[in-house]
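Residue-level structural notes
One letter stands for each residue in the lines below.
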Amino acid sequence: RVAITAGNVGLGNKSISPMAFLYCMNKYLMRKVESKPKWFDYVDPDIESDDEIISKIKEWPFMLKNTSLSLGRGIFRIKTPDQLRQVLKEFKEDKKLREEIDYLNHCLKRDIPQGELPPVVPPFIAEHLVDINTCIEYCYEGYITPDGKIVHYALTEEVYFKNHQALGYITPPFNYPASKAKLIEDWVDDYMGRLSELGYRNQFFNIELWHTPSDEIILTEINPRAAHSYHYNYLYSFGTSLFEDNIALAHDGTEPPVTPWQMWKEGNVKQNTLIALITTINPGKVSEILDYDYVKQLESEGILVRHCKQAGDELKDGDITAAGVMLLQIWVTGADPQQCINKEIEIRSKIYKKKEKSTDCDSALIPLL
């Protein structure tokens, strides 16, 4: 992705600048763009002692995140100084991980003059721990035109088990009303306006954010790309095509005649769509975790199933992340949210050969009934 971005700019095409890309790919730097962020600070075990790091922590417990890795790798909920010391010790001893981070940061910084680089590009960020029992996470999707215009594209709700293992993605959102669309629009206009000044152009982006009971918006992270898994959510719920809109934007800056965001605000929703995320936090052969006869039954009903792992794959302990390992994504549709919820609960109750450990409940959607 780094090479493609640099290549586009080198060919004279409007594209995201190396500086904007660096800010989007580092969780500490992307937080620096927020105008009113919750508490956060950088953590760099290479230049700070454990005691120096501990003295900077203003909130306990807190989240410690690797700034450049994704998919749940290097994310820790830190409760005590001793736990923090242990995580830092393991990081210092993990030569392969450190080399991976160093190489990625080298790729992200190499096209930026040394004198223009941010003063700190750390491997970790310590940040405010969001209460997932009271806040709801959403994935906002938008793009910036070649001329810097911010276009609001779509909103999807993300649902997790209490241990933050992924559960499902819901379009349009069940819990966020269209009447509050302007709250997110204003926040995105401010945040992406700052990234636009850094050179974000002619590209989709998706922002994971928390909405609090007091109507605060808290950034989780920004990804400098479209959330491609949601193509079918938008297709089923609104009849639009994310793939086509993305290609048209990249080709000549063409804007779609209508977006899912506009249709949602107008109440023009064809049906509700839920991606049931079938994950595991247990190692072993995938065919011994899931019932593939039931999977075939779902596919025979015309339900779209994406196989992220194959039945014959063997999961090792090292494959398990904080968010679990994604095995399948299953697209469920319904005339109303209740139909989607009912089908998700049915699927989750039948698809596992044995009950998953540590998910706290059969479905985090149950409280929404």
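One numbering rule holds for all chains: residues counted from 1, following each sequence as written. This being a predicted model, a pLDDT of at least 70 is required before a residue's local features are given, and a value of 80 or more before pairs of side-chain atoms are given or counted; all residues contribute to the totals for chains, interfaces and linings. Hydrogens and water molecules were not included; the side-chain quantities draw on all heavy atoms of the structure.

**As for the overall build of the protein**
A count of helices and strands for the protein gives 12 helices and 14 strands. Counting every position in the protein, which comprises 369 residues, the buried fraction comes to 51%. By definition in these notes, contact holds between two residues if any of their heavy atoms fall within 4.5 Å. At a minimum sequence separation of 6, the contacts of the protein that also span at least 24 residues come to 70%. Areas reported here follow the Shrake-Rupley algorithm with a probe of radius 1.4 Å; residue values treat only the protein chains shown as occluding. Carbon together with sulfur atoms contributes 49% to the accessible area of the protein, which is approximately 17200 Å² in total. Helix and strand labels come from DSSP, where a helix needs a run of H or I of at least four residues and a strand needs a run of E of at least two; each type is numbered from the N terminus. Remark: exposure states derive from per-residue accessible area (1.4 Å probe, protein chains only) relative to the maximum for the residue type, with buried under 20%, exposed over 50%, and partly exposed in between.

**Focus: helix α6 (residues 95–109)**
For a helix, the expected span equals 1.5 Å multiplied by the residue count minus one. Taking 1.5 Å per residue as the helical rise, α6 with its 15 residues ought to reach 21 Å, and the 21 Å between its terminal C-alpha atoms agrees with that figure. Of the positions making up α6, those classed as buried are Ile101, Asn105, Cys107 and Leu108. Projection of α6 onto a plane perpendicular to its axis shows the buried side chains occupying an angular sector of 160 degrees, all on one side. Those residues of α6 that are exposed and aimed more than 90 degrees away from the buried face are Lys95, Lys96, Asp102 and Tyr103. What the arc describes is the spread of directions from the helix axis to the C-beta atoms.

**As for the sheet that holds strand β4 (residues 124–127)**
Whether two strands pair comes down to DSSP finding at least two bridges between them. Strand order in this open sheet of four strands is β1-β4-β2-β3, and the pairing throughout is antiparallel. Of all the strands in the sheet, the pair left with one neighbour each is β1 (40–43) and β3 (75–78). Recorded for the sheet is a direction-independent mean angle of 20 degrees between the axes of neighbouring strands. Across four bridges, β1 lies against β4 in antiparallel orientation. What sits directly across from Tyr42, in β4, is Ile125. Against the sheet, helix α5 (residues 81–93) engages β1, β2 (62–66), β3 and β4, with an angle of about 155 degrees to β3. In this description, a line fitted to the C-alpha atoms serves as the axis of each element, helices being fitted only across the stretch in contact, and the angle between N-to-C directions of two axes falls anywhere from 0 to 180 degrees.

**Considering the confidence of the model for the protein**
Per-residue confidence from the predictor is reported as pLDDT, which spans 0 to 100. In this model, the protein carries an average pLDDT of 90, and 90% of its residues clear a pLDDT of 70 or more. Across residues 359–369 the pLDDT falls below 50, and counting only partners more than four positions away or on other chains, this stretch makes 32 contacts in the model.

**Quick word on empty space enclosed by the protein**
In this analysis the probe radius is 1.4 Å and the grid spacing 1 Å, with only protein atoms considered; a cavity is a set of points the probe fits into but cannot get out of, a pocket is an open set with protein on both sides within 12 Å along at least five of seven lines, and lining residues have an atom within 4 Å of a point. Grid points are joined across faces, edges and corners, and a volume is the space filled by probe spheres set on the points. Inspection of every chain in the model, using the stated rule, returns two cavities of 30 Å³ or more. In this structure, the second largest cavity spans a volume of roughly 30 Å³. In terms of lining, the second largest cavity is formed by Ala154, Leu155, Thr171, Pro172, Phe238, Pro260, Trp261 and Trp264. Looking at the lining of the second largest cavity, the elements with two or more residues in it are β6 (150–160) and α10 (260–265). The element contributing the most residues to the lining of the second largest cavity is α10, with three residues.

**Some thoughts on a nonpolar patch on the surface**
Within this analysis, patches are made of residues with over 30% relative accessible area and no salt bridge. Like charges are joined at 9 Å or less; nonpolar side chains (Val, Leu, Ile, Met, Phe, Trp, Tyr) at 5 Å or less. For this document, the term salt bridge refers to a Lys or Arg side-chain nitrogen within 4 Å of an Asp or Glu carboxyl oxygen. Judged by side-chain polarity, Tyr232, Leu235 and Phe243 come together as a nonpolar surface patch covering roughly 230 Å² of accessible area. Tracing the sequence through the fold places Tyr232 in helix α8 (residues 231–238). Take Tyr232: its relative accessible area is 30%, and that puts it in the partly exposed class.

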